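So the chains spell out like this:
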Amino acid sequence: MRVSLDWIKDYVKIDATPEAIAEKLTMIGLEVEAVERIDDDVVFEVNVTPNRADCLSVIGIARELSVSYGLPLVFPDLKIVAETAPLDFNIEIAQPELCRRYAGRIVHNLKVGPSPDWMKKRLEKCGIRSINNVVDVTNYVLLEFGQPLHAFDLGTLKGGMIRVGTPQAITGESSMKFKTLDGTERDIPGDSLMIWDGERPVAIAGVMGGLNTEVTESTRDILIESACFEPTSVRRTSKALGLKSDASYRFERGTDIKALKKALERAALLTRELAGGSICGKIDIYPRQFHPAEINVRFDRVNKLLGLNLSPGTILNCLKGLGLDITEQQGSGFIAKIPPYRMDITMEADIIEEVARFYGYDKIPAELPEAIIGGTGLRDNVYATGIKRDIRQSFLKSGFTEAINLSFMGSNDLDLLSIPQDDARRRLVKIMNPLREEEAFMRTTILPSLLRNLTHNISHGNRDLRFFEISRVFEDSGSGPLPDEKERIAAIYFREKSGSLYKEEAADFYILKGVVEAMLSSIGAGDLSYVRSEEPFLHPGRSADVLIGGQKVGYIGALSPEVTDRLDIKAHKPSIIALEMDMASIISASKKNITFKHLPKYPFVERDTAIILDANIEAAAIIGHLKSYPSEMIEDITIFDVYQGKGIEEGKKSVAFNVRYRSREKTLTDAEVEKLHSSLVEYIKEKTAGQVRG
Amino acid sequence: MSDDLKQQFLDELKSVAGPADAAAIRVKYLGKKGLVTASIKTLSSIAPEERKQAGQRINELKQFIEAECDKMEAVIKNSELKGRLITEAIDITLPGKYACFGNQHPLSRVLLEVIDIFTRMGFSVEEGPEVELDSYNFEALNIPKDHPARDMQDTFYVSDDILLRTHTSPVQARVMEKKKPPLRFIAPGKVYRCDADVTHSPMFHQVEGLMVDKDIKFSHLKGVLSAFIQEMFGHDVPVRFRPSFFPFTEPSAEIDMGCILCKGSGCRVCKGSGWLEILGAGMVNPRVFENVGYDPDMYTGFAFGMGIERIALVKYSIDDIRLLFENDMRFLRQF
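Because the structure is a prediction, the values reported are computed rather than measured.

## As for the overall build of chain B
From N to C terminus, chain B includes 12 helices and nine strands. Its C-alpha atoms give chain B a radius of gyration of 42 Å, clearly above 20 Å, the size a compact globule of 335 residues would have. Reported as C-alpha extents along the three principal axes, the dimensions of chain B are approximately 130 × 45 × 40 Å. Counting over 335 residues, chain B shows a buried share of 40%. If you take every contact in chain B between residues at least 6 apart in sequence, the share linking residues at least 24 apart comes to 66%.

Next up, the structure:
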């Protein structure tokens, strides 16, 4: 809120510099975001937190400063003299639960016209445009007291009365149309509090007046309304209508039920001063009287919570001027009665905050708590955090850059990937109020985001792209109120097909597969296997599901040409390798403990053999067969060459493997190894119907 | 005769040019059918009184030739190695093949740094759901429906009761429901608000923290958070605590640190104030304790929260938050 220093000085005579005052306000919780000099005055832009409705006014801010500087708060004289006859007008509150108090004053025979310069300037400095003297007065008092007022053209009010109630209560309607001051016709819900005259609605209570009773150039008599509406009711109405005003902003934060009378007097007096006319007696319907809350405060609790050692005198001195009605209790504490403008103070801790504010947060010492030995966290969490870090590092060190995308996607992202209707990834969590249609759902897969990053980068000339992201995906579980949230790691590898500086480039698929295997091995996750993947968006011949302990934890593979064609990539036949894996499965497969194995005592002997077999037999099957051969002497088997082409029959391939033999008991002789190896070769020939390559 | 042989050897040795010549000359003189070997065989035909002397001479010659051959071979081997090293030379200015590590996202960099500092101070790490119940996100934290405090946070809704969490604070309530004090943890994670411009992203990251025990005081809040800021930004960074408002803490504080860009003299980033808002914090509101079944007279605690994007923007002088989520390599490569 914008507030003029000159105006504040009407209430508290401070002579500190504007900068010092701004600093002071900030340090008692009224953050001054900007200090602006206008003419001879200074305007503070104050950030008022939602609990401090009282500071949405000049007087409220002046009161805070009066406490801070130990200066008195000076009020203007609000005595109304020369009151004419009591008025012939009725006010009825149909629903006291929504309107605790409603007061009004009538001013007769005034002349609507422009406001004097001083009024215009003050309003403008606070960001309010001058309209006419009558409306300006209501706005002026709103700024000054924080009490929203409304002026009705009395001549247009029918039946000599005001009624306060919802359409449901007054007419039984569940909704109605109503044209507000701004000329907009609005649909009013049946439970919105309205102001009515004898025949029809004339204002939305606490939000905006109606066009039908607006004060105009020809207005002669007015009714000034000063009321106290239930904050939640005003807020609901304002939200339902999407209509906010300076009035609703204050009502929904809570207004001072006692000060509304003073504000009304102030407005009546100012109206007479600016527009002439005569003030009539007032009506004040006050069905729900204010009873101040009483809060018990313990001196030792104040010190214990703040980490201070203040005397009772110092504590009470901090609170002086706040308007609390304090009764001391034998030195142990006090009871504070809370004034109506401090509805934010509801418990002991709130009073302790007041003590801290005026004692000064900066004077409270900074000390470190005693150590808690034996962490309070779950070991599992700590462990998972560490493994997650290892996984991230593996990808970073393998040349993959970390991406972070918004957690949203559009449903067409799943169409892009040809995800079938019955796939779990279609169990979407929809956002009711998304910013954009493409962000209307929570992601069920990270891949679409990475593909977007890919096309973005390619279009900006970035080549050779490797990204990964670790984030959660969200699937509507169908059971329980909240969706399943699973953390995933996804990665994408794209390299433009161009001449390489170096020979021996591995196929892209194997590069990403190598990264995954290195990552898993670094965290001790074993029992890894691959089967051909049936993911609809992957190339069926170049993709695999990744299994740990026989359970699918994700996929890795080249995107199918169908999908890459849909992407906006200019490159010729781009090869994009993607993976997505479940983090929890990876973490639970990681090995927590390492047990040392003794180093071998005896030397190893190696044998290489190439066999020619059917080209369809996969490497994993060949290794599987070799490992199934019963011998304790076989330490390791690796495939080191696969060849198809010249010299090999069509439909066949040559697979060369290396076997490392070692005994735990002795040094193996050549003859022993020869015998072992030839029977192994016979075995694998038989299993694969292969021939030894000559 | 052996002098002639020696001279002949030395003459031939001069013309040795490569390893093949060296091997040939060795065979020619010292081989089974070599010249020196042959002259040893002639010893038997020499008169016995001269035989000893002749034998000695031939033996000397043999040793001389052996030594010379060894020397020559060593020279040849050496020059051969030199030649090989030259021909094997590569262009060392070509780029290395696997030299390029990936780059960690600046947010994850800052996030891990924050986590590290707090775990060093004995805080553990907790997590909670990002799609959250209204009751945890707001009501457990003393923010009832129709409360203006909800205006501080524009919320994405999935249904009337389910929303995208607007802060990491619901983790406070979730953990306190399950565990008894003492507690000391942080809860990092993604949060959501429907707002998007140069300084706001609809998704961003926060780190929440909570410490609860008997006798936890406001002065502890000041101590721990000052220590954090100084670990993170430098030990000479000034820190100030000023009153603020959060429904789930009382008293509440906003924590500023001296602007690290202008060192407090005022600049665009700190809007001329010399201070940067970095943390929100406060003593846990007794109502929050009551909501989770803690006795507010027995336990006190402090809670705090910070935005990771804000720290990253300031730390790396990034002027548009959207860059953080575009994942442009030209941007990410800088971290």
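## Observations regarding the domain arrangement of chain A
Along its sequence, chain A is organised into domain 1 (2–69), domain 2 (90–285), domain 3 (294–363), domain 4 (379–589) and domain 5 (605–692). Computed from C-alpha atoms alone, the centre-to-centre distance between domain 2 of chain A and domain 4 of chain A is 59 Å.

## Digging into the pairing of strand S11 (residues 201–204) of chain A
All names here are of chain A. Where strand S10 (residues 194–196) lies against S11, three bridges are found, and the strand directions are antiparallel. Within S11, the position partnered with Ile195 by the bridge is Ala203. Adjacent in sequence and paired antiparallel, S10 and S11 are bridged by four residues. Sheet topology places S11 next to strand S12 (residues 208–209); two bridges connect them, and they run antiparallel. Residue pairing for S12: Ile204 is matched across the bridge by Met208. Counting the residues in the hairpin turn of S11 and S12 gives three residues, including Gly206, whose phi is positive at 75°.

## What to know about the sheet that holds strand S7 (residues 161–165) of chain A
All names here are of chain A. The five strands are arranged S4-S7-S10-S11-S12 in an open sheet whose pairing can be described as mixed. Two strands lie at the open edges of the sheet, namely strand S4 (90–93) and S12, each paired on one side alone. Pairing between S4 and S7: four bridges, direction parallel. Its bridge partner lying in S7, Glu92 is registered against Arg163.

## Topic: the environment of Ile612 of chain A
Residue and element names in this part refer to chain A. Within the secondary structure, Ile612 is located in strand S27 (residues 605–614). Exposure remark for Ile612: the 20 C-beta atoms within 10 Å place this residue in the buried category. Through-space distance from the C-alpha of Ile612 to that of Ala584 is 41 Å; in sequence the pair is 28 residues apart. Not counting the four nearest positions on each side in its chain, Ile612 is found in contact with Ile648, Lys652, Ser654, Gly690, Gln691 and Arg693.

## Some details on the interface of chain A and chain B
Listed as interface residues are 75 residues of chain A and, on the opposing side, 68 residues of chain B. Of all the elements in the fold, those that place two or more residues in the side of chain A that touches chain B are helix H2 (18–27), helix H7 (231–241), helix H10 (299–306), helix H12 (348–359), helix H13 (379–397), strand S18 (401–402), helix H15 (447–459) and strand S21 (465–475) of chain A. Taken together, the residues that form the side of chain A that touches chain B break down as 37 nonpolar, 22 polar and 16 charged.

## Things to note about the sheet that holds strand S4 (residues 183–192) of chain B
Residue and element names in this part refer to chain B. Reading across the sheet, the seven strands line up as S1-S4-S5-S9-S8-S7-S6 and stay open at both edges, with mixed pairing between neighbours. Unpaired on one side and paired on the other, strand S1 (124–125) and strand S6 (239–246) mark the two borders of the sheet. Bridging between S6 and strand S7 (residues 249–258) involves seven bridges; their strand directions are antiparallel. Considered in S7, the bridge of Pro243 is made with Ala253. Contacting S6, S7, strand S8 (275–284) and strand S9 (300–307), helix H8 (residues 218–233) crosses the sheet at an angle of about 150° to S8.

The rules behind each value
Starting from 1, residues in each chain are numbered consecutively following that chain's sequence as written. Chains carry letters from A onward and ligands carry numbers from 1 onward, assigned in written order. Per-residue local features are limited, in this predicted model, to residues with pLDDT of at least 70; the limit for side-chain atom pairs, both in listing and counting, is 80 or more; totals at the level of whole chains, interfaces and linings are taken over all residues. A run of H or I in DSSP counts as a helix once it spans at least four residues, and a run of E counts as a strand once it spans at least two, with each numbered from the N terminus. We take the radius of gyration over the C-alpha atoms and set the globule estimate at 2.2 Å times the residue count to the 0.38 power. Residue burial here comes from a neighbour count, namely the number of other C-beta atoms, placed from the backbone, that lie within 10 Å of the residue's own C-beta, with 20 or more meaning buried, 12 or fewer meaning exposed, and in between meaning partly exposed. The contact criterion used here is simple: two residues whose C-beta atoms, placed from the backbone, lie within 7 Å are in contact. Start and end points for every domain follow an automatic or database-based domain assignment. Strand pairing is defined by DSSP finding a minimum of two bridges between the two strands. Note on residue classes: Ala, Val, Leu, Ile, Met, Phe, Trp, Tyr, Cys and Pro are nonpolar, Asp, Glu, Lys and Arg are charged, and everything else, Gly too, is polar. Here, axes are lines fitted to C-alpha atoms. For helices the fit covers the stretch in contact, and angles between N-to-C directions go from 0 to 180 degrees.

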